[in-house]
Amino acid sequence: MTTATATKIFSDRIGRIEVSATMAITAAALKLKSEGVNLADFGAGEPHFSTPRHIKDAAIEAIEKNFTRYTNVAGVPEVRKAVVDRHACDFGSNYTPDECVFTTGGKLALFNAIQVLVDHGDEVILPVPYWVSFKDIIQYAGGKVILVESKEEENFRITAKMIEAAITPKTKAIILNTPSNPSGAVVAPEDLEAIVRLAHKHGIYVLLDECYVYLTFTGEVVSGGSFTDCKEHIVVLGSLSKTYAMTGWRAGFALGPKPIITAMSKLQSQSTSNTASMVQRASIAALTGSQECVTEMRADYIKLRDQTLAGFKTIPGLTCTVPQGAFYVYPNVSKFLGKSGITSASDLAARLLSEAHVVVVPGEAFGTSEHIRLSYAVSHDVVDEGVKRMRDYLATLS
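Just so you know, the residues in each chain are numbered from 1, in the order the chain's sequence is written. This being a predicted model, a pLDDT of at least 70 is required before a residue's local features are given, and a value of 80 or more before pairs of side-chain atoms are given or counted; all residues contribute to the totals for chains, interfaces and linings. For the side-chain quantities, the full set of heavy atoms in the structure was used; hydrogens and water were omitted.

**So, the overall build of the protein chain**
The numbering of helices and of strands both runs from the N terminus, where a helix is a DSSP run of H or I of at least 4 residues and a strand a run of E of at least 2. Check the secondary structure of the protein chain and you find twelve helices and twelve strands. To get the radius of gyration, use the C-alpha atoms; to get the globule rule, take the number of residues to the power 0.38 and multiply by 2.2 Å. The C-alpha atoms of the protein chain give 21 Å as radius of gyration, which agrees with the globular expectation for 398 residues (21 Å, within 12%). On the principal axes, the C-alpha backbone points of the protein chain span a range of 60 × 60 × 60 Å. The classification of residues rests on relative accessible area computed with a 1.4 Å probe and restricted to protein chains. Under 20% of the type maximum is buried, over 50% is exposed, and intermediate values are partly exposed. In the protein chain, which comprises 398 residues, the proportion classed as buried is 54%.

**Let's talk about the pattern of salt bridges**
Salt bridges are counted wherever a side-chain nitrogen of Lys or Arg sits within 4 Å of a carboxyl oxygen of Asp or Glu. All told, the structure shown has 17 salt bridges when counted by the stated rule. Of the charged contacts, one joins K31 and E35 as a salt bridge, the two residues approaching to 2.7 Å between their closest N and O atoms. Between D41 and K33 there is a salt bridge, with the nearest N and O atoms lying 3.2 Å from each other. Residue class for D41 comes out partly exposed when judged on its relative accessible area of 24%. Accessibility expressed as a relative area gives 39% for K33, which makes it partly exposed.

**Let's talk about the sheet that holds strand β5 (residues 171–177)**
Strand order in the open sheet formed by seven strands is β2-β8-β7-β6-β5-β3-β4, with mixed pairing between adjacent strands. At either end of the open sheet lies a strand with only one pairing partner, and these are β2 (100–103) and β4 (144–149). Across the sheet, the axes of successive neighbouring strands diverge by a mean angle of 20°, strand direction being ignored. DSSP calls a pair of strands paired once it identifies at least 2 bridges connecting them. With four bridges connecting them, strand β7 (residues 234–239) and strand β8 (residues 252–255) associate as antiparallel partners. Note on β8: the bridge partner recorded for S239 is G252. Contacts between residues were defined by any pair of non-hydrogen atoms, one from each residue, lying within 4.5 Å. Simply put, an axis is a line fit to the C-alpha atoms, just over the touching stretch for a helix, and the angle between two N-to-C directions goes from 0 to 180 degrees. Against the sheet, helix α3 (residues 77–91) contacts β2, β7 and β8, and its axis sits at roughly 110° relative to β2.

**Thoughts on the packing of aromatic side chains**
Two rings belonging to Phe, Tyr or Trp (six-membered ring only in the last case) form a pair when the distance between their centres is within 6.5 Å. Interplanar angles under 30 degrees mark stacking, angles over 60 mark edge-to-face geometry, and anything in between is tilted. In total, this model carries ten aromatic pairs according to the counting rule given. Ring geometry for W131 versus F134: centroids 5.2 Å apart, planes at 80°, classification edge-to-face. With respect to burial, W131 and F134 carry one shared label: buried. For the pair F327 and Y328, a centre-to-centre distance of 5.1 Å together with 55° between the ring planes defines the contact as tilted. Y328 carries the same exposure label as F327, and that label is buried. Aromatic ring contacts, followed pair by pair, group F49, Y212, Y301, F327 and Y328 into a single cluster.

**Section: the sheet that holds strand β11 (residues 361–362)**
Spatially, β9-β12-β11 is the arrangement adopted by the three strands of the open sheet, whose pairing is antiparallel. Two strands in the sheet have a free side with no partner beyond their single neighbour: β9 (328–329) and β11. By the bridge criterion, two bridges tie β9 to strand β12 (residues 372–375) in an arrangement that is antiparallel. Looking at the pairing, Y328 lines up with S375 of β12.

**Structural notes on the packing of helix α4 (residues 106–117) against helix α5 (residues 132–140)**
The geometry of a pair of packed helices is captured by two quantities: the angle between their axes and the separation between those axes. Orientation of α4 relative to α5, taken along the N-to-C sense of each, is 35°, at an axis distance of 9 Å. Two packed elements cross with a definite hand, and for α4 against α5 that hand is right-handed. In this structure, α4 contributes K107, L110, F111, I114 and Q115 to the contact, and α5 contributes S133, F134, I137, I138 and Y140. Partitioned by chemical class, the residues of the contact of α4 with α5 number seven nonpolar, two polar and one charged. Crossing handedness is defined as follows: a turn of the near helix away from the far one that is anticlockwise and smaller than a right angle gives a left-handed crossing, while the clockwise case is right-handed. Under the scheme applied, nonpolar residues are Ala, Val, Leu, Ile, Met, Phe, Trp, Tyr, Cys and Pro; charged residues are Asp, Glu, Lys and Arg; polar residues are all the others, including Gly.

**With respect to helix α12 (residues 380–394)**
Here the expected length of a helix is defined as 1.5 Å per residue gap, with one fewer gap than residues. A rise of 1.5 Å per residue sets the reference length of α12, with its 15 residues, at 21 Å; its end C-alpha atoms lie 21 Å apart and thus fit the reference within 8%. Where α12 is concerned, the buried positions are V383, G386, V387, R389, M390, Y393 and L394. Looking straight down α12, one finds that the buried residues subtend no more than 160° of arc, so they occupy a single side. In this structure, the buried residues of α12 make contact with β1 (40–41), α10 (292–312), α11 (345–356), β10 (358–359) and β12. Arc, as used here, means the arc of the directions from the helix axis to the C-beta atoms.

**Description of the packing of α11 against α12**
Running from N to C, α11 and α12 point in directions that differ by 105°, and their axes come no closer than 11 Å. Our classification of the angle between α11 and α12 gives roughly perpendicular. Packed against α11, whose contacting residues are L348, R351, L352, E355 and A356, the element α12 presents R389, M390, Y393 and L394 at the interface. The residue inventory of the contact of α11 with α12, partitioned by class, reads six nonpolar, no polar and three charged. Just so you know how the angles are binned, under 35 degrees is roughly parallel, over 145 roughly antiparallel, 65 to 115 roughly perpendicular, and the rest oblique.

**Digging into the side chain of S223**
By the element assignment, S223 lies in the loop between β6 (205–209) and β7. Overall, the relative accessible area of 0% leaves S223 in the buried class. Among the polar contacts made by the side chain of S223, one reaches the side chain of H87 at a distance of 3.4 Å. Contact partners of S223, with chain neighbours within four places excluded, come to H87, F91, L192, E210 and V236. What qualifies as a polar contact is a pair of N or O atoms within 3.5 Å, subject to a donor-acceptor requirement within protein and to the restriction that residues adjacent in sequence count only when both atoms come from side chains.

**So, the nonpolar core**
In this text, buried Ala, Val, Leu, Ile, Met, Phe, Trp, Tyr and Cys residues form a nonpolar core when linked through side-chain atoms within 4.5 Å. L240, Y244, Y301, F312, L352 and M390 are the most contacted members of the largest nonpolar core, which totals 88 residues. Non-local contacts of Y244, meaning those with residues more than four positions away in its chain, are made with T51, P52, I55, R86, A286, L287, Q291, C293, V294 and M297. Core analysis: the next-biggest nonpolar cluster, separate from the first, contains 41 residues, L110, W131, A141 and I175 among them.

Right, here's the structure in full:
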């Protein structure tokens, strides 16, 4: 009797990545909600605001005027001009529409940039803690992740000296996410410039994830794209999702040297093609219209941050750095590990979900083992209720 040789089904590259931890948490939370469980949900990083009216109206008008057909793969000229004009106005950059590609969300801009720049064996420097998808996207491309550990006691600061120590002849790129998901840390302007100039000197690309750049609370908003003499080695990755409460619209972009943008557009032509046409029209309205909505949302995020941190101070053993941007807190929960059979942050997150009905994301997803992430982009009532549930539950651990 002959035994058939097992046929390989899946590619090696799909085995190099995992399901997004935040999406997994969201799925678990949705299941409980469907069962009628009342949750204090700090899981997904998604604004609690509605998309501003003028942005929705622009999409509706586009649909009613039948602007619903294919467009240029990289986006209509008007949306690319809106992106470069907004960035130039706010940060002093000097990109042209040909140096911009509009993408189906900021994550696709990152994915495409990594795919066209990183080859097998190339090293990509990634500060810790990091957004969940960075590591997997690098590994999917065949790249090697080089982690640079930051220190919580220094508010997760990243400096050029730290980056330089990780550079090797195989280094192809550096990823900087500022403000940071998950910690809310902001790379100081002087550190950002030093890192960009260091990379330019070595011929290394800096991939700047500016998803939260407009949600900086320090009063000084800086983009690495401002250092125009280094633009040859800079790729700015942006998103309208968080800035304008447009997460479900899937509107993102990349700014960079024309050869890189052309390569990203070529890849996009063989995958998603253009971003939905009416989303492009809505994005033009967002980028060219009044920015007062951004100011108002940022002001409320600061209030929510302060409310959350004040609540944490009522929980003995819980410590947390003060985020300088985005809408996350990243508390240290090491004092609770080892209690009541809890062995890890993942264990604690699972217990908080099942027993306290509080949704958080464990730090392991972001490269640390003693933290949990909470998104405070929720209502003020949810902050109060969620902190109370956490306080009550953590007090029971022994």
